[in-house]
Amino acid sequence: MMTNPVSSLRRRVFAGALALAFFCKQGAAWADSRPEQDAFTRQSLEAQAGQIRRGDEAAHREYVAQMLSLFGKTGNTAFLRECSANLSAREALAVLTPLLQHTNADVRFVALDGLLLHKREALPALTNLLACLSDPDERVIVEAADGVSQLGKVSVYAVPALQRILLTSAYSAATRRAAAGALGEIGPPAQMTLAALDAAAHDPHAGLALTALVAAGEIRRQPPLSCEELETGGPAIFLGAKAYRALEATRVPVCPPDESAGLMVHLLASHPPAPLRVEACRILGKLAPDSLEAVNVLFDQIEDPEPLVAQAAADAMDALPAKNPALIPVLIEGASQSNGLKAILCARFLARFGPDAASAAPAMLADIGHFRGPENFGRSLACLAAVRATGTNASGTRSNLSAWLTETAVIYTGLDQHHAKQMRAAVLLTLADVGPTADALPAVLDELANSSSLPLQAAAVRVAGLLQEQGRVCVPRLCELLNRVGLDAAVDLDNFDALTEEMQPVPGAHPTSVCLESIRALRRLGPAARPALAVVRQRAADPARPLPYFPPYQREAAELADALAKMQ
Amino acid sequence: MKLTPFIAIGCLAALWSSSCSSRQPQSTMTSCCSPSKGEVAGAPMTASNQAAASGASMDLFATPFLAPAARRTLALDDRVTTQDGKVTTLRELVDRPTAISFAYSQCANPNKCPRVVNTMGLLRGDLEKAGLLGRVRLALITYDPGHDTPAVMRGFARINGYMLDDDSLFLRPEVDAGHKLFHDLEVRASFNDNGVALHGIQLIILDKKGRLARSYHTLLWDNHQAVDDLRRLAEE
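Residues numbered from 1 in each chain as written. Chains lettered and ligands numbered in written order. Predicted model: local features only at pLDDT ≥ 70, side-chain atom pairs only at ≥ 80, totals over all residues. Heavy atoms only, no water.

**Concerning the sheet that holds strand 8 (residues 202-206) of chain B**
All names here are of chain B.
And then number 1: Ordered in space as 2-1-5-4-3-8-9, the seven strands form an open sheet in which the pairing is mixed. Edge positions in the sheet fall to strand 2 (87-89) and strand 9 (212-217), since each has one partner strand and no second. With direction set aside, neighbouring strand axes in the sheet form an average angle of 30°.
And then number 2: Running over the sheet, helix 4 (residues 113-129) touches strand 3 (98-103), strand 4 (137-142), strand 5 (168-173) and strand 8 and is turned about 170° from strand 4.
And then number 3: Across the sheet, helix 7 (residues 223-234) lies against strand 3, strand 4, strand 8 and strand 9, angled at about 175° from strand 9, the strand it touches most. (Pairing = 2+ DSSP bridges. Helix = DSSP H or I, 4+ residues; strand = E, 2+ residues; numbered from the N terminus. Axes fitted to C-alpha atoms, helices over the stretch in contact; angles between N-to-C directions. Contact = heavy atoms within 4.5 Å.)

Okay, here's the thing in structure tokens:
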């Protein structure tokens, strides 16, 4: 086939221009990492000046306008979530209510979530909240259904919309279930929906059927069975007309908690229909028994083919108390099984035992080494968290952990860059808690000097501060971090969701806390850091280059100021 | 088709970007705690400056410079493609003292690969000033042979200020054998199916027989020291 030389040339030129644009963008990102080009930090620092919480209306309006500009224009949900949790009710109403009509469903969802945090204080936005029950995005509807049912007497205004959702088969079962649950929460004022709930109690979807059954029982205010009725009825009583009253009796519970837990174990062992298995698991979670029988029966439910049962069992496992040391060997065994969910739950359970589960640390490390790759990422983080929880009792793991900090360590093989960074941060945090050694220095310096990830830097800073004499080499980099970190990096934090869940990284590893950690690390390093302290003081006193600061982080900022003052 | 605006924007951006690159100081920061006048905060700190500022030993950032008898020979049989598309082996290219580093064009970390390429460009300038160019060689090897074709490597080198010719190369390992080469050179990186997962910063210095004389790692190396190393090897 002949190629047209002109069009071939055009294609090449076009591709070249695109490549140039791409590389130039990379160059721009590089340049933007410098603080004087960090417009966001500048804008924040200029706008706040500490006036917002002092009732200054002009400053408040300015703040609201700034927030709207930041979130509304960019649809920056990660940062919106970070900040909305820290807004006062007044600020939330002003900033978040308009965002309920944002074109981006993620923004609407996060704004609603932020508003509902304020419960009844969000009542001025009731009309907007009720409108969310007709949102085109079902996530928003589910969030709104849960939220409006918690608003007290005015929740009754949501009943017609909730009934409509329940009766609309076009909605997913999860959305209809949320509506049924909300009606149950509202209780007797939702009397008009009983027929719809009774019908939904026979829905083929297990979760919806059970939620509707329970909601109908709550609206009718049926009294729970007595302990005697429950015991004589056995598991069969949960299957008949008295099902709601029996469940209510275990939920209250009318029997002593251990007896109620025993009943639930027997109920689960009799393999009742899925809705009851779900509810029995939930009740077990609330009763929180520490018996081996309860753990074993929940293990079985985790492998249930019905996802809702498995999820309820997993939630229940997470709620069991770490009191009975006899469970530790069972959990170590469970953590080594190929079922990833079961392994994660066992590792989490072991983590709750804290230093008492130090005997599990070698098994956890072996698990990380054996089950690798993207599909086992969550499992590895859970195992690391279990080791971390044992603290210095797991000092025998130090050399393994240090070896995993090298870039060629097998634990990174197969992971994408994002997960590889999270894994390295998790190893650093674990090492910080078990007690780091000088072997960790190359990786710590690498992250302090070259990393573009704030959580990873925060973890490295924490380890640096614990290295004592050997940590002296990190002092210049710690000072540099105090100078360099910009607020734009906060956006990066939301990408570390999984790490947050399993590892609880440096709390809110935003720039202020990286600075704070840096100062703490310098203080821990003691005399070795003395030459740096003068620079830190000078930096703190320089009005032209204030330390990163943002109103939601006032507590951290105050701590930072306090730390600086103590250095004088 | 109207291509002119694309080309114009691309060229202007390239000019702007290269001026940014040239603004990046290298080997000038005496201490990150006290940037001197005119310095850019956040500029790279080299291993030797870091060591000087903290009183640490250079051993933390580099292996010692080995005497000829102590050097071990690396496997250099791996086939590579140069920026001009020529296929050869590392063995053929290491016919004189050679400094090898690693980078890839899709690196998302502005503090790593772009700075490594830029520092290699500055090293080339230092070698030229020292009259060593032609007697020693520089080579960058991409971590990502699947994506970094010779054309991409040339573009990446150009915007980061690394001039390519017979003395300073950008090499692409064979896609299948890429990991073998990295293993042979003891490169600090791990990989996934699509490319690199985690990587460090590294400069390895080989003598003309392909033996490892020194390796810099963790922080950006000091080019003055790298020039000294290459001079010593060239004089052997």
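**Focus on the state of the cysteines**
And then number 1: Evaluated as defined, the whole model comprises one disulfide over all chains.
And then number 2: A sulfur-sulfur distance of 2.2 Å marks the disulfide that ties Cys-227 of chain A to Cys-255 of chain A. Sign of the S-S torsion, about 120° for the bond between Cys-227 of chain A and Cys-255 of chain A, identifies this disulfide as right-handed. Placement of the pair is Cys-227 of chain A in helix 13 (residues 227-233) and Cys-255 of chain A in the loop between helix 14 (243-251) and helix 15 (257-269), with a sequence separation of 28 residues. Neither Cys-227 of chain A nor Cys-255 of chain A differs from the other in exposure class; each is buried.
And then number 3: Looking at Cys-113 of chain B, it has no disulfide partner, and the nearest cysteine sulfur is the one in Cys-107 of chain B, 3.5 Å off.
And then number 4: Looking at Cys-113 of chain B, the relative accessible area reads 0%, which means it is buried. (Disulfide = S-S within 2.5 Å. Buried < 20%, exposed > 50% of the residue type's maximum accessible area, 1.4 Å probe, protein only.)

**So, the confidence of the model for chain A**
Residue and element names in this part refer to chain A.
And then number 1: The predicted model of chain A averages 78 in pLDDT, with 71% of residues at 70 or higher.
And then number 2: Per-residue pLDDT, averaged within each element of chain A, yields its smallest value for helix 2 (residues 39-48) (38) and its largest for helix 9 (residues 159-167) (96).
And then number 3: Confidence drops under pLDDT 50 across residues 1-55; counting only partners more than four residues distant or on other chains, this segment forms 91 contacts.
And then number 4: Of the regions scoring below 50 in pLDDT, residues 486-500 engages in 49 contacts with residues more than four places distant in sequence or in other chains. (pLDDT = per-residue confidence, 0-100.)

**A short note on a negative patch on the surface**
Residue and element names in this part refer to chain A.
And then number 1: Taken together, the side chains of Glu-228, Glu-229, Glu-231, Asp-258, Glu-259 and Asp-290 define an acidic patch exposed on the protein surface.
And then number 2: Residue assignment for the negative patch shows that the elements contributing at least two residues are helix 13 and helix 15.
And then number 3: No other element matches helix 13, which puts three residues into the negative patch.
And then number 4: Relative to the helices and strands, Glu-229 resides in helix 13. (Patch = residues over 30% accessible without salt bridge, like charges linked within 9 Å, V, L, I, M, F, W, Y side chains within 5 Å. Areas by Shrake-Rupley, 256 points an atom, 1.4 Å probe, with all protein chains shown as cover. Salt bridge = Lys/Arg side-chain N within 4 Å of Asp/Glu carboxyl O. Lys, Arg positive; Asp, Glu negative; His and termini not counted. Charge placed at Lys NZ, Arg CZ, Asp CG, Glu CD.)

**Points about the pattern of salt bridges**
And then number 1: In this structure the tally under the stated criterion is 30 salt bridges over all chains.
And then number 2: One salt bridge connects Arg-72 of chain B with Glu-186 of chain B, and the closest N-O pair in it is separated by 2.8 Å. One end of the pair, Arg-72 of chain B, is in the loop between helix 2 (47-54) and strand 1 (79-81); the other, Glu-186 of chain B, is in the loop between helix 6 (178-184) and strand 6 (189-192), with 114 residues separating them in the sequence.
And then number 3: We classify Arg-72 of chain B as partly exposed; its relative accessible area is 39%.
And then number 4: Residue class for Glu-186 of chain B comes out partly exposed when judged on its relative accessible area of 42%.
And then number 5: When salt bridges with common partners are traced through the structure, they connect Glu-407, Arg-424, Asp-446 and Glu-447 of chain A together with Lys-112 of chain B into a single cluster.

**What about the packing of aromatic side chains?**
And then number 1: Throughout the structure, instances matching the rule amount to seven aromatic pairs over all chains.
And then number 2: Between the aromatic rings of Tyr-104 of chain B and Tyr-143 of chain B, the centroid separation amounts to 6.0 Å while the plane-to-plane angle is 85°, which identifies the pairing as edge-to-face. Separated by 39 residues along the polypeptide, Tyr-104 of chain B in the loop between strand 3 and helix 4 and Tyr-143 of chain B in the loop between strand 4 and helix 5 (150-159) bring together distant segments of the chain. The burial state of Tyr-104 of chain B is the same as that of Tyr-143 of chain B; both residues are buried.
And then number 3: Relative accessible area serves as the criterion here: at 2%, Tyr-143 of chain B is assigned to the buried category.
And then number 4: Cluster of aromatic residues (ring-pair linked, three or more members): Phe-102, Tyr-104, Tyr-143, Phe-182 and Phe-191 of chain B.
And then number 5: Here Arg-139 of chain A stacks its cationic end above the ring of Phe-109 of chain A, 5.6 Å away from the centre of that ring. (Phe/Tyr/Trp six-rings, centres within 6.5 Å; stacked < 30°, edge-to-face > 60°. Lys NZ or Arg CZ within 6 Å of the ring centre and 35° of its normal.)

**Describing helix 12 (residues 206-220) of chain A**
Residue and element names in this part refer to chain A.
And then number 1: The end-to-end C-alpha distance of helix 12, which contains 15 residues, comes to 21 Å, matching closely the 21 Å that a straight helix rising 1.5 Å per residue would cover.
And then number 2: Of all 15 residues making up helix 12, 12 are buried, and the element is well covered by its neighbours.
And then number 3: Considered for burial, the residues of helix 12 that qualify are Ala-206, Gly-207, Leu-208, Ala-209, Leu-210, Thr-211, Ala-212, Val-214, Ala-215, Ala-216, Gly-217 and Ile-219.
And then number 4: Next to the buried residues of helix 12 lie helix 9, helix 10 (173-186), helix 11 (194-200), helix 14, helix 16 (274-287) and helix 18 (307-319).
And then number 5: Two residues or fewer after helix 12 comes Arg-221, characterised by a positive phi angle close to 55°. (Expected span 1.5 Å × (residues − 1).)

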